[in-house]
Amino acid sequence: MAAKGGEVTRSQASSAPPARTQPTAALLSELVAHLRENRTQLREEWVRRITESRLLTAMTKDEIFAEATSVFDNYVEVLETGSVEALQAYARNLSERIIPRGVETHEVVGIVLLLRDVLARSLFKKYQADFALLNRVLDAYEPAANRIANTVAVGFVQERERIIRQQQEAIRELSTPVLQVRERLLILPMIGIVDSQRARQLTEQLLRGIRSNRAKVVVMDITGVPSVDSTVANHLVQTVEASRLLGATVIVTGLSPEIAQTLVTIGVDLAKMNTVGDLQGGIEEAERLLGYEVLLSKDKKELVPRDEE
């Protein structure tokens, strides 16, 4: 029956061919077979492009080729299975090995995009005589290739951030050492900017040190701290109180006028804090609290407990 007004009948619509055939498992299998068949040639072309682009310069050519082989095989496996778990594991492992050597994020992203380009050019060459089939192949390939590039890039960035966090923790550990001067006496020298995170870490380190060394007196020297905000100042006060609950007296030395003003502003009663002008004076006060006394003789100065005078 003819259509009225130029409309297409249901029977006509159902018999019309679809505008585009959806990618199939068979098409992906054909794509994977092509990449595996040309594995050696494609890897060599990829490594050549990496070298020409001056990427991964911290690695030797043999190292680049070895890693390229692993990346290529993982790449093809993702295209075949659709699963990125193995690729994610490899990306983490690769990142652990190359980040310490100075490889940057843009280099990793760059080599993955180069591989995508090398493989795409190979597909163009194979299917150039059949434009419709080429479109179907690219429809199947491009989403998977984008997913692979994203997986590798995210894995590298996450590993890099993890290493940076570890380095920051190590720096904080070095910048706030809890030192045992003598039995029952600890010194905590603080240098640099103290933010909320570092203040919390400082408290944890100090309390662990007090417990493990059975400390009775702690000298907290803040001469090297230029300033603190009210939040950090409150945290320092809480550190002093927490130490007192563990049985240790905290002597604060090196208070600058700016930090003292901050403590007054937030309402801290400085009369309740044991403060001494400098580190030397703080150590002398700590020794007095521990019952030590300096005995002077003609040849030497000796520190002994009072009951041994």
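You'll find the structure just up there.
Summarised in this report is the structure supplied together with it. What you are looking at is a predicted structure, and each value in this text was computed from that prediction instead of being measured. (Residues numbered from 1 in each chain as written. Predicted model: local features only at pLDDT ≥ 70, side-chain atom pairs only at ≥ 80, totals over all residues. Heavy atoms only, no water.)

### Structural notes on the sheet that holds strand β1 (residues 179-182)
Strand order in the open sheet formed by five strands is β1-β2-β3-β4-β5, and the pairing between neighbours is mixed. What marks the edges here is a single partner per strand, and that holds for β1 and β5 (274-276). Each strand axis lies, on average, 30° off the axis of its neighbour in the sheet, ignoring direction. Relative to strand β3 (residues 217-224), strand β2 (residues 185-191) is paired through six bridges, and the arrangement is parallel. Its bridge partner lying in β3, P189 is registered against D221. Most of the contacts of helix α8 (residues 196-213) go to β2, to which it runs at about 165°, and overall it touches β1, β2 and β3. (Pairing = 2+ DSSP bridges. Helix = DSSP H or I, 4+ residues; strand = E, 2+ residues; numbered from the N terminus. Axes fitted to C-alpha atoms, helices over the stretch in contact; angles between N-to-C directions. Contact = heavy atoms within 4.5 Å.)

### Describing unusual backbone geometry
For L56, which is not glycine, the phi torsion reads 55° and is therefore positive. Structurally, L56 can be placed in the loop between α3 (39-52) and α4 (61-81). Judged by relative accessible area, L56 falls into the buried class, the value being 4%. At R214, a position not held by glycine, the phi torsion is positive, near 50°. Structurally, the position occupied by R214 is in the loop between α8 and β3. (Buried < 20%, exposed > 50% of the residue type's maximum accessible area, 1.4 Å probe, protein only.)

Everything listed here is a matter of coordinates, which is why it stays silent on function.
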